[in-house]
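Observations on chain architecture
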Amino acid sequence: MLKENIKVALHSIRSQMLRTVLTIFIIALGITALVSILTLVAAFKNTLSSDFSSMGANGFNIRQYEMEVRIGNGRRQEREKINPIISYPDIKAFKEKYYYPLADVSSFFVATSNAEVKYDNQKTDPEITIVGADEFYAPNSGLEFQFGRNFTPFEVNNNQNVCVLGSDFMKGLFQNINPIDKIVSIRGNKFRVVGVLKEKGSTFGNSQDLRVIIPLQIARSIYTQPNINYNLRVNVLKQELLGDAINEATLVMRQIRKLNPVEENNFGIQRSDELINQILSITIALNVAAIAIGIITIFGSSIALMNIMLVSVSERTREIGIRKALGAKRSTIAMQFFTETVVVGQLGGFVGIILGMLIGYGVANLLDFVFVVPWGAMIAAVIVSFLVAVISGLFPAIKAAKQDPIESLRYE
């Protein structure tokens, strides 16, 4: 009986192709909105997790301000006070005074984001980021090496002109060339390449592979702009030590800033795990938006599908009378129209899933997010399209089943 009902449903769909296509499109519109947003949210979360998990959950950053993520009116509230920058004397004093077992402290600053790097008679576009850092910057930031090695303490302490390149240099200046021990020029200064990083990709459109890391003191001597804002990163060996390490770092920074006990911190400390959680909290709002859009569109789809099926019942009143005259039961008539509604609903859900994944994939690639197959969104779409069909199909099916066979045979 089920097989026969599906055959009848497909025949009815073919006989009213335009109306069916419009109905499927209406259903697919809601499913597309739901799947595409959930796909994009999943890609966003996967990108953030891959970007920050490499840094580990055992570290924290000391910066000028706490990182704030606000959702609502889209405007950052005015700060109550302006914190002083993290200056070079601050980071130097912190490294001298901060003694915590099994902890590594790294310091760094972004010297420029529009540098030009030269090798022989070739040069890059002026889009290279120059980072001045110490020997702990790479391991504390979760950076891995494709070729070569990291700075040594001797090279950093003795201001050796060495550098570490991002992976994109292997596609440009050093394509098909081993870059190790080659000499590159930055602002007229010669640097010997000691290492090349593994590919990191882009975050929010900013490439992490178009950068050059040079020793901190060398960067300070080349880029002498005033009020350089430095960053400190501390990694501890075990996560259970993180709380005590943060408390110790807070005390040291307060001593450096000469704060009395009643004054608030004029610097920010951000744990890696809190950073990830704060940024990922944005996805809650995106999920809510996806569900809201999906519910509104699917509600409209349900009404449209129900009206289409009611029109179908009216047009096939004589067919219903003939079936009943031949002995068809009410349950058989109801199941026939109900099956037709479910088939149309599932076709709409299938089209919506395909379109939603394609849109999500396209936007994820455009924003340089790491695409993942949204199994959860696909399962949700199948369930939602089935529920739409059930809700929309019950009333028309019951109405068809209650038709009087004599009156139905008279219907013109």
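Just so it is clear, the model here is predicted, and its values are computed rather than measured.

As for helix 7 (residues 242–257)
- Here helix 7 spans 22 Å end to end across 16 residues, near enough to the 22 Å set by a 1.5 Å rise per residue.
- All of the buried residues in helix 7 are Leu242, Ala245, Ile246, Ala249, Thr250, Val252, Met253, Arg254, Ile256 and Arg257.
- In the segment just after helix 7, lysine 258 is the residue with positive phi, at about 55 degrees.

Some remarks on the pattern of salt bridges
- Inspection of the entire model under this criterion finds 8 salt bridges.
- One salt bridge in this structure joins glutamate 155 and arginine 192, with 3.8 Å as the shortest N-O distance. Of this pair, glutamate 155 sits in helix 5 (residues 153–157) while arginine 192 sits in strand 9 (residues 189–197); the two residues are 37 residues apart in sequence, bridging distant segments of the chain.
- For arginine 192, a relative accessible area of 29% corresponds to the partly exposed category.

Notes on the environment of threonine 39
- Relative to the assigned elements, threonine 39 resides in helix 2 (residues 17–53).
- Measuring from C-alpha to C-alpha, the distance between threonine 39 and leucine 358 comes to 9.4 Å, with 319 residues separating the pair along the chain.
- Those residues in contact with threonine 39 that lie beyond four places of it in its chain are Gly356, Met357, Gly360, Tyr361, Phe371, Val372 and Pro374.
- At 2.6 Å, the side chain of threonine 39 forms a polar contact with the backbone oxygen of valine 35.

Concerning the nonpolar core
- If you look at the biggest cluster of nonpolar residues, it comprises 52 residues, and the most contacted ones within it are Phe60, Ile62, Phe94, Tyr98, Ile130 and Val212.
- Not counting residues within four places of it along the chain, the set of residues in contact with isoleucine 62 comprises Ile86, Phe94, Asn231, Leu232, Ala249, Met253, Phe267, Gly268 and Ile269.
- Among the nonpolar cores identified, the runner-up in size contains 24 residues, and Ile24, Val35, Val388 and Val390 belong to it.

Thoughts on the confidence of the model for the chain
- Looking at the chain as a whole, its pLDDT mean stands at 79, while 84% of the residues score no less than 70.
- Of all helices and strands in the chain, the one with the weakest mean pLDDT is strand 10 (residues 202–203) (57), whereas strand 7 (residues 162–165) scores best (94).

Some remarks on unusual backbone geometry
- Backbone geometry at asparagine 176 places phi at a positive 65 degrees, although glycine is not the residue there.
- Along the polypeptide, asparagine 176 turns up in the loop between strand 7 and strand 8 (183–186).
- Its identity is not glycine, yet arginine 187 carries a phi of approximately 55 degrees, on the positive side.
- By the element assignment, arginine 187 lies in the loop between strand 8 and strand 9.
- By relative accessible area, arginine 187 is classed as exposed at 59%.

Structural notes on the pairing of strand 7
- Of the two faces of strand 7, the one carrying Val162 and Val164 and the one carrying Cys163 and Leu165 are both buried.
- Bridging between strand 7 and strand 9 involves 4 bridges; their strand directions are parallel. What sits directly across from leucine 165, in strand 9, is valine 196.
- Bridge analysis of strand 7 against strand 12 (residues 211–215) gives 2 bridges, and the strand direction is antiparallel. Within strand 12, the residue paired with leucine 165 across the bridge is valine 212.

Some remarks on the side chain of aspartate 134
- Positionally, aspartate 134 belongs in the loop between strand 5 (128–133) and helix 4 (137–140).
- At 2.9 Å, the side chain of aspartate 134 forms a polar contact with the backbone nitrogen of serine 107.
- A polar contact of 3.1 Å, which involves the side chain of aspartate 134, links it to the backbone nitrogen of phenylalanine 136.
- Contacts of aspartate 134, omitting those with residues within four sequence positions, involve Lys95, Val105, Ser106, Ser107, Phe151 and Val156.

Regarding the packing of helix 3 (residues 88–97) against helix 7
- Direction vectors running N to C along helix 3 and helix 7 enclose 130 degrees, while the axes themselves pass 10 Å from each other. Accordingly, the angle class assigned to the pair helix 3 and helix 7 is oblique. Here helix 3 runs over helix 7; the crossing is right-handed. On helix 7, the residues touching Asp90, Ala93, Phe94 and Lys97 of helix 3 are Ala249, Val252, Met253, Ile256 and Arg257.
- Within the contact of helix 3 with helix 7, the residues separate by chemical class into 6 nonpolar, no polar and 3 charged.

Re the packing of helix 11 (residues 330–366) against helix 12 (residues 375–401)
- Where helix 11 meets helix 12, the closest approach of the two axes is 7 Å, and the angle between their N-to-C directions is 150 degrees. One finds that helix 11 runs roughly antiparallel with respect to helix 12. Classified by chirality, the crossing of helix 12 by helix 11 is right-handed.
- Taken together, the residues of the contact of helix 11 with helix 12 break down into 17 nonpolar, 7 polar and 1 charged.

Calculation notes
- Residues numbered from 1 in each chain as written.
- Predicted model: local features only at pLDDT ≥ 70, side-chain atom pairs only at ≥ 80, totals over all residues.
- Heavy atoms only, no water.
- Helix = DSSP H or I, 4+ residues; strand = E, 2+ residues; numbered from the N terminus.
- Expected span 1.5 Å × (residues − 1).
- Buried < 20%, exposed > 50% of the residue type's maximum accessible area, 1.4 Å probe, protein only.
- Salt bridge = Lys/Arg side-chain N within 4 Å of Asp/Glu carboxyl O.
- Contact = heavy atoms within 4.5 Å.
- Polar contact = N/O pair within 3.5 Å; in protein donor to acceptor, adjacent residues only side chain to side chain.
- Core = buried A, V, L, I, M, F, W, Y, C linked by side-chain atoms within 4.5 Å.
- pLDDT = per-residue confidence, 0-100.
- Pairing = 2+ DSSP bridges.
- Axes fitted to C-alpha atoms, helices over the stretch in contact; angles between N-to-C directions.
- Parallel < 35°, antiparallel > 145°, perpendicular 65-115°, else oblique.
- Left-handed = near helix turned anticlockwise from the far one by under 90°.
- Nonpolar A, V, L, I, M, F, W, Y, C, P; charged D, E, K, R; others polar.

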